[in-house]
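# Structure assessment
So you can see what is in the structure, the chains are spelled out below.
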Amino acid sequence: MAAIRPFHCVRPREDVACRVAALPYDVYNRQEAKAEVEREPLSFLKIDRAETSFPDSVDTYAPEVYQRAAELLQKDLADGVYIRDEQSSYYVYELTMDGRAQTGLVACASVDDYVNNVIKKHENTREDKEIDRITHVDTCSAQTGPIFLAYRSHETINEVVEKARKEKPLYDFTAVDGITHRVWKISDPAEAGKVSRAFDGIHQIYIADGHHRAASAVKVGLKRRSEHPDYDGTEEFNYFLSVLFPHDQLMIMDYNRTVKDLNGYTKPEFLDKVSQCFSLEESDAAVKPDAKGTFGMYLEGKWYRLVAKKALFEGKDAVGRLDVSILQDYLLAPVLGIGDPRTDARIDFIGGIRGLEELESRADSDMKVSFSLYPTSIHELFDVADQGLLMPPKSTWFEPKLRSGLFIHEI
């Protein structure tokens, strides 16, 4: 069973919500973050990336940066930018991009469910990235960036969410990037009880996006437990802020690759190597794969359509059958010499939201060859996590991105 509970939310006033809501902290580099905070001083990014308050000479991870984040959060609370809801509630969060909406439930998930693998992972995390968010959450005593969770669609939860969406929303605004955000509160205790009982019967929840934020929130919770050995499990540090989406609402975009060189091969030699595992034909148009096992390749001003030979998929586990794995195992590693894509400086990754034009631009400038992929499906993600396996890096790109600052969970 999954312990998914309502919480006392800290959230922005309605009239400033559109100004506060910010893209996740890791979307920006330091200069981009500073420019965004200068553009919108109320942006939650000033708290998520408090180094924007300091000269560039101050280290991003200096203690005073995290202390500044805590001070800014408390100042905004004191100034009334944020309010604390007195009632413990669930919230419904709808994001609409290009006319397509996805609707999730804002709630708190259990540290124990993460530890016991009720909440399943499909990616490794890096300790250096964890330390940053651990320090941020611990210093602010608040979880400020929600974890993107997914579960198999459940009729009762769907009914409660749809009922809430018929009420007047707390927030309804379109951000500068064109994404529309709407939020409702589930105030009726009877409706909230239906949600809690429904999750009691769900035994697998999946991290879709936010593995580092999840790991960091959990480690802060475990740290607080060690500091309070008399804890009874009801304390807020035993839970972490999440938005949970039914699987049939989610869209995963392609996550594409571009490589610096041909690993010493001439173009004819490289194409010959590729054709050993993939059928290969030139295309008059940019290739956006429309089926599993199909890839686009852009090289020296030309697009090619690649189709993986069926034998490449035979006898593979859930990870080995992924298109990102097929490309890595039969082209990037053996032909281009990209042994570890996590650390190899010769490869870069481009989210599908940037379009095929970005693949062309990179291959025509600082890189040499680009590859477009068919998106990983949510069912493939579930299969990998259920088998206790891990996806290759940069396997999934979720859009639209959850905003930070709309929901804060104090611990």
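Please read these numbers as outputs of a predicted model, since none were measured by experiment. (Residues numbered from 1 in each chain as written. Predicted model: local features only at pLDDT ≥ 70, side-chain atom pairs only at ≥ 80, totals over all residues. Heavy atoms only, no water.)

Right, let's talk about the layout of surface pockets for a bit. Volume-wise, the second largest pocket comes out at about 310 Å³. Every element with two or more residues in the lining of the second largest pocket is listed here: helix 1 (17-20) and helix 2 (30-39). Across the lining of the second largest pocket, the residue classes break down as 8 nonpolar, 2 polar and 6 charged. (1 Å grid on protein atoms, 1.4 Å probe; cavity = no way out; pocket = protein on both sides within 12 Å on 5 of 7 lines; lining within 4 Å. Points joined across faces, edges and corners; volume = space filled by probe spheres on them. Helix = DSSP H or I, 4+ residues; strand = E, 2+ residues; numbered from the N terminus. Nonpolar A, V, L, I, M, F, W, Y, C, P; charged D, E, K, R; others polar.)

In this model helix 9 (residues 211-227) runs 24 Å from its N-terminal to its C-terminal C-alpha over 17 residues, within 8% of the 24 Å that 1.5 Å per residue would give. Within helix 9, 12 of the 17 residues are buried, which leaves it mostly tucked inside the rest of the structure. Of the positions making up helix 9, those classed as buried are His 211, His 212, Arg 213, Ala 214, Ala 215, Ser 216, Ala 217, Val 218, Val 220, Gly 221, Arg 224 and Arg 225. Next to the buried residues of helix 9 lie helix 5 (111-115), helix 6 (127-140), strand 6 (142-143), strand 7 (147-151), strand 10 (205-209) and strand 11 (239-246). (Expected span 1.5 Å × (residues − 1). Buried < 20%, exposed > 50% of the residue type's maximum accessible area, 1.4 Å probe, protein only. Contact = heavy atoms within 4.5 Å.)

This structure, assessed with the given rule, holds 3 cavities of 30 Å³ or more. As a volume, the largest cavity reaches approximately 120 Å³. As for the largest cavity, its lining consists of 14 residues, and the residues nearest its centre are Arg 133, Val 137, Thr 144, Gly 145 and Arg 213. Taken together, the elements giving at least two residues each to the lining of the largest cavity come down to helix 6, helix 9 and strand 11. For the second largest cavity, the calculated volume is near 30 Å³.

One open sheet accounts for 6 strands, arranged 14-16-15-18-13-17; its pairing is antiparallel. This sheet does not close on itself; its edge strands, each paired only once, are strand 14 (278-283) and strand 17 (347-351). The sheet shows a mean angle of 25° between the axes of neighbouring strands, direction not considered. Bridge count for strand 15 (residues 294-299) against strand 18 (residues 369-373) is 5 bridges, and the pairing is antiparallel. Note that in strand 18 the partner of Tyr 298 across the bridge is Ser 370. Sheet strands touched by helix 10 (residues 267-274): strand 14, strand 15, strand 16 (302-308) and strand 18. Its angle to strand 15, the strand with the most contacts, is close to 175°. (Pairing = 2+ DSSP bridges. Axes fitted to C-alpha atoms, helices over the stretch in contact; angles between N-to-C directions.)

Most of strand 3 (residues 90-97) is tucked away, with 8 of its 8 residues classed as buried. Alternating positions in strand 3 separate into two faces, Tyr 90, Val 92, Glu 94 and Thr 96 on one and Tyr 91, Tyr 93, Leu 95 and Met 97 on the other, with burial throughout. Alignment of strand 3 against strand 4 (residues 100-110), held across 7 bridges, turns out to be antiparallel. Paired with Tyr 93 across the bridge in strand 4 is Gly 104. The loop that links strand 3 with its antiparallel partner strand 4 comprises 2 residues; one of these, Asp 98, has a positive phi angle of about 55°.

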